[in-house]
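Inside the fold
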Amino acid sequence: MSSVYNKSQGYKSLFSTQNIILASIGWGVLALLYFLLFSAKVPVGADCVAKLSAKAQEATTCLRRADWYVFGTNVFEAMAYLSASILCLRNWRSQQIVSDRNVWLAIGIGMLSYFLGGIFFGYTEIVLKEEPFPSLGDVFFVITYLLLGVGMVLAVASRRLNLETSQWIIVLAIGAFGSALAWLISNQPQTAAVQAQYSPGLEIVASVLNWFYVISDVLLLIIATTLLLAFWGGRVSLSWRMIAAAAFSLYIADMWYKYATNSIPNYQSGEILEVFWVWSGVLFGMGAVLEYDASLSRSRRERVRKRS
């Protein structure tokens, strides 16, 4: 009986809040180092080597990142979102959680959908050697944005907003800046090579998805800013700062990908700014575990007061 108790205590200590936070930070740092150290492109084929030797202008088009590197970026991203999903769903199952449990259910399923979308995205790009956008993964990405929006709106609705004028100005300023940047990136002229990548049918689908992602990113940015200001102050607010930072990271990575796919023919994943996708998943997970820890601490204090 004592051995079972010791194992249970060891399991709890292994997955303590401190250990999960440290592991999350470590995962984010490792991802950054991986992107920085191994993202260089290499020549593919003898013709490319010859072009590089001759310093031909078209030589840069045959440079590609190694498949193992792109696979590694997908692993970093997938593990971040899978872990975030598990931690968010743990909050949903907890009866002691401070926030509305439906908030964490929506965010948790959204994280799981993003994990599945990333699997299909990576499979299409690495294994099938096809253009990963649009692909089956976009079905899961769309579900992710819808559920994230629902979860964050529920979080705002569960808290009585009493923002000051200066705070509303901050929300409007960030919303205006985010919208302007998204508009500029979305309306940049596409090169002929980029336009030739899609058939007429896929071009329409890609355009619709692009605008859906752009609008969703801007709305999430505005909601995240509102959450950040509404939950400012107190221990519980720390978790929502992480959630807001996760939304900002998602916006940065999406804007870069939007810019790159519009201006770079046959764009290949793995640029340094895509590390913000990994950080977004890490931050969602950190937000969930901080909320769980704060809720348990609050529940313990309430039990102590009742006993006294």
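Residues numbered from 1 in each chain as written. Predicted model: local features only at pLDDT ≥ 70, side-chain atom pairs only at ≥ 80, totals over all residues. Heavy atoms only, no water.

Regarding the overall build of the protein chain
Note the threshold: Each helix corresponds to a stretch of at least 4 residues labelled H or I by DSSP, and each strand to a stretch of at least 2 residues labelled E; elements are numbered beginning at the N terminus. Using a 1.4 Å probe on the protein chains alone, a residue whose accessible area is under 20% of its type maximum counts as buried, one over 50% counts as exposed, and one in between counts as partly exposed. By definition, residues are in contact when any of their heavy atoms lie within 4.5 Å.
Across its full length, the protein chain carries 11 helices and two strands. Ordered by position from N to C terminus, the α and β elements of the protein chain give α-α-β-α-β-α-α-α-α-α-α-α-α. Counting only residues that meet the buried cut, the protein chain has 46% of its 308 residues in that class. Relative to all contacts within the protein chain whose residues are 6 or more apart in sequence, the contacts with residues 24 or more apart total 80%.

Regarding helix 6 (residues 137-157)
Basically, it comes down to this: A helix is expected to span 1.5 Å multiplied by its residue count minus one.
Here helix 6 is 21 residues long and its end C-alpha atoms lie 30 Å apart, about the 30 Å a rise of 1.5 Å per residue gives. All buried positions along helix 6 are accounted for by Gly137, Asp138, Phe140, Phe141, Thr144, Tyr145, Leu148, Gly149, Gly151, Met152, Ala155 and Val156.

Quick look at the side chain of Ser24
Note that Ser24 resides in helix 2 (residues 17-38). Contacts of Ser24, omitting those with residues within four sequence positions, involve Val282 and Met286.

Side note on the pattern of salt bridges
Using the following cut-off: Should a side-chain nitrogen of Lys or Arg be within 4 Å of a carboxyl oxygen of Asp or Glu, the pair is scored as a salt bridge.
Evaluation of the coordinates by the stated rule reveals two salt bridges. Between Asp67 and Lys129 there is a salt bridge, with its nearest N and O atoms 2.6 Å apart. Here the residue Asp67 occupies a position in helix 4 (residues 67-93), and Lys129 occupies one in the loop between helix 5 (101-127) and helix 6, the gap between them amounting to 62 residues. Judged by relative accessible area, Asp67 falls into the partly exposed class, the value being 38%. For Lys129, a relative accessible area of 53% corresponds to the exposed category.

Remarks on the packing of helix 7 (residues 165-186) against helix 10 (residues 237-263)
Here is the rule we go by: Fitting a line to C-alpha atoms yields each axis, with helices limited to the stretch in contact; the angle taken between N-to-C directions then spans 0 to 180 degrees. By the definition adopted for this analysis, an angle is roughly parallel if under 35 degrees, roughly antiparallel if over 145, roughly perpendicular if from 65 to 115, and oblique otherwise. Here a crossing is called left-handed whenever its near helix is offset anticlockwise from the far helix by less than a right angle, and right-handed whenever the offset is clockwise. Only Asp, Glu, Lys and Arg are considered charged in this grouping, and only Ala, Val, Leu, Ile, Met, Phe, Trp, Tyr, Cys and Pro are considered nonpolar; every other residue, Gly among them, is considered polar.
Where helix 7 meets helix 10, the axes come as close as 9 Å, and the angle between the chain directions of the two elements is 20°. On the basis of the axis angle, helix 7 is roughly parallel to helix 10. Where helix 7 crosses over helix 10, the two elements pack in a sense that is left-handed. Seen from helix 7, the contacting residues are Ile174, Gly178, Leu181, Ala182, Ile185 and Ser186; seen from helix 10, they are Phe248, Tyr251, Met255, Lys258, Tyr259 and Asn262. Of the residues contributing to the contact of helix 7 with helix 10, the split by class is eight nonpolar, three polar and one charged.

Description of the environment of Ile170
Considering the arrangement of structural elements, one finds Ile170 in helix 7. Classification of Ile170 as partly exposed rests on a relative accessible area of 39%. Taking C-alpha positions, Ile170 is 9.0 Å from Thr226, a pair spaced 56 residues apart along the chain. When neighbours within four sequence positions are excluded, Ile170 is seen to be in contact with Thr225 and Leu229.

Quick look at the packing of aromatic side chains
Note the threshold: Aromatic rings from Phe, Tyr and Trp, with only the six-membered ring used for Trp, were paired whenever their centres fell within 6.5 Å, and each pair was classed as stacked if the ring planes differed by under 30 degrees, edge-to-face if by over 60, and tilted otherwise.
Evaluated as defined, the whole model comprises 20 aromatic pairs. Note on Phe38 and Trp68: the rings are 5.8 Å apart at their centroids and 70° apart in plane angle, and the pair reads as edge-to-face. Remark: Trp68 occurs in helix 4 and Phe38 occurs in helix 2; sequence separation between them is 30 residues. With a relative accessible area of 38%, Phe38 lands in the partly exposed category. Given the relative accessible area of 52%, Trp68 is considered exposed. Here Tyr145 and Tyr213 contribute two aromatic rings whose centre-to-centre distance is 5.4 Å and whose plane-to-plane angle is 45°, an arrangement assigned as tilted. Of the two residues, Tyr145 is situated in helix 6 and Tyr213 in helix 9 (residues 200-230); the sequence distance between them amounts to 68 residues. Accessibility assignment for this pair places Tyr145 and Tyr213 in one class, buried.

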